[in-house]
Amino acid sequence: MIRLANRKVHILALGLLLVQGCGSAPPRLDAVPSELTAQAEIPGMPGVRYVAGGDMSELFKAATEAARVEQESLVAPSQSGELPPVSYLAISGGGDNGAFTAGALNAWTAKGDRPEFKLVTGISTGALIAPLAFLGPKYDATLEQVYTTISPKDVVEPRSLLSGALGDAMADNSPLWELTRKSVNEDLLKQVAAEYAKGRFLLIATADMDARRPIIWDMGKIASYGGPDALDLFVSVMIASASIPVGFPPVMIDVEAGGQRYQEMHVDGGIMAQVFAYPAGMSAQQMTDTTGLTRDRTLYVIRNARLDPDWAQVERQTMRVGARAVASLIHSQGIGDLYRIYATAQRDKVDFNLAFIPSSFNAPHPEEFDNAYMRALYQEGYDSMLNGFPWLKVPPGFRDDSVSYSK
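Residues numbered from 1 in each chain as written. Predicted model: local features only at pLDDT ≥ 70, side-chain atom pairs only at ≥ 80, totals over all residues. Heavy atoms only, no water.

**So, the overall build of the protein**
Argument step 1. Scanning the protein from terminus to terminus reveals 13 helices and 11 strands.
Argument step 2. Per-residue burial over the protein gives 53% buried out of 407 residues.
Argument step 3. Considering only intrachain contacts with a sequence separation of at least 6, the fraction spanning at least 24 residues in the protein is 79%.
Argument step 4. Here the protein displays about 18,000 Å² of accessible surface, and carbon together with sulfur accounts for 54% of that area. (Helix = DSSP H or I, 4+ residues; strand = E, 2+ residues; numbered from the N terminus. Buried < 20%, exposed > 50% of the residue type's maximum accessible area, 1.4 Å probe, protein only. Contact = heavy atoms within 4.5 Å. Areas by Shrake-Rupley, 256 points an atom, 1.4 Å probe, with all protein chains shown as cover.)

Dropping the structure here:
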């Protein structure tokens, strides 16, 4: 997503100069007033989301209840108060770089040791992958198809400079909505709900632009409500998490607060964080103290990007300097996210594992969602996993060779 965002910076700036003061934005309902923000709920589906960094008591309650449900479902529960080991998967943003995760997951299946993840999280392109990864190998073929056969026309329709600047984005992502709805249907929703009932969690993050806060959506709970409204919200959250501001239109989500109807504007969760695992406000030790149950936990983080800095001669032009600065900021933020996740994992004695696109991968990338590039990156992820994925145990910077690996 970073490359696409950079390109849109140039287009946006020029468009604003052309139409400054003479445009009108698409209509929307009023945003939730600041004093009512904490009360906002999805009509008919309360309790399906949480503010990252806010009160996690309800999510903690759901997690503890899930642990008890899991214990009761075991044929022979351990007398020592232990549950079987679990694995978590966190998938980052990265636009068409999501092909790397798709290839890795499919090869993981082929190896025969892919876990059934207790928790799957996703942001941006990771949000598009997360439901399929959550449901397991049965959706491997869908992942491969999406990340090896599509082209730009399957994701966006460019708008003219004038209509883009007068509207809410420089491109129309109607093709992405259509593509997503082909696989995310009532049947998939029922499957997610069934897994949620077993105590598994699927979380996706978006950014609430009005309140400028990161939102974590409990996709399993949304699915458990069932019906067309739940399906529409499920898809809307996925698309919102992948909607780069300026590049793609924001997703407007209807909410209620104080007996009134409002709309929230949600966009790419990557503007708040490039990747997340479980919220830092939730402690594994606290979970153990509350339930009396212990278990080993393993976290896998897949960063759909290279972590070494990319060199480029920057032209002495305002937009190019600005775009380079934004790209550098996003790159640094992504590394900071890994440190935060690592610190939380260390606190909770969770086994930390990190993978990312190696610096040796340099396939030509003429445009976002270029099919040849995505196929090459899918194969990179597949081969890396099949040949023994070099999971790193620490974030980049903890040792000299931690920003690159070789197969």
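There's more to say after this.
**Notes on the packing of aromatic side chains**
Argument step 1. Evaluated as defined, the whole model comprises 12 aromatic pairs.
Argument step 2. The interplanar angle of 85° and the centroid separation of 5.0 Å between the aromatic rings of Trp108 and Tyr300 together place this pair among those described as edge-to-face. Residue Trp108 is found in helix α3 (residues 98–111), and its partner Tyr300 is found in strand β10 (residues 297–303); the two are separated by 192 residues along the sequence. Judged on exposure class, the residue Trp108 and its partner Tyr300 are both buried.
Argument step 3. An aromatic cluster of at least three residues, connected via ring pairs, comprises Phe100, Trp108, Phe117, Tyr300, Phe389 and Trp391.
Argument step 4. In this structure, Arg200 packs its charged tip against the face of Phe134, placed 4.1 Å from the ring centre. (Phe/Tyr/Trp six-rings, centres within 6.5 Å; stacked < 30°, edge-to-face > 60°. Lys NZ or Arg CZ within 6 Å of the ring centre and 35° of its normal.)

**Structural notes on the confidence of the model for the protein**
Argument step 1. When pLDDT is averaged along the protein, the result is 88, and 90% of the positions lie at 70 or above.
Argument step 2. For the stretch residues 1–5, pLDDT sits under 50, and the model shows 18 contacts to residues farther than four places along the chain or on other chains.
Argument step 3. pLDDT under 50 marks residues 400–407. Its contacts with residues more than four places away, or in other chains, come to 19 contacts. (pLDDT = per-residue confidence, 0-100.)

**Overview of the pairing of strand β2 (residues 86–91)**
Argument step 1. Within β2, 6 of the 6 residues are buried, which leaves it mostly tucked inside the rest of the structure.
Argument step 2. Alternating residues of β2 divide into Val86, Tyr88 and Ala90 and Ser87, Leu89 and Ile91, and every residue in both groups is buried.
Argument step 3. The sheet contact formed by β2 and β10 spans 6 bridges and is parallel. Within β10, the position partnered with Ile91 by the bridge is Ile302.
Argument step 4. Here 4 bridges tie β2 to strand β3 (residues 119–123), and the two strands are oriented parallel to one another. Residue pairing across strands places Tyr88 opposite Leu119, the latter belonging to β3.
Argument step 5. As for the winding sense of the linkage, the β-α-β connection from β2 through α3 to β3 is right-handed. (Pairing = 2+ DSSP bridges. Right-handed = clockwise from strand over helix to strand, strands pointing away.)

**What about unusual backbone geometry?**
Excluding glycine, most residues fall at negative phi; most peptide bonds, likewise, are trans.
Argument step 1. Backbone geometry at Lys349 places phi at a positive 55°, although glycine is not the residue there.
Argument step 2. Its location among the elements puts Lys349 in the loop between α12 (318–347) and β11 (351–356).
Argument step 3. The residue Phe369 is not glycine, and still its phi comes out positive at about 65°.
Argument step 4. Tracing the backbone through its elements, the reader meets Phe369 in the loop between β11 and α13 (371–386).
Argument step 5. For Phe369, a relative accessible area of 8% gives the class buried.

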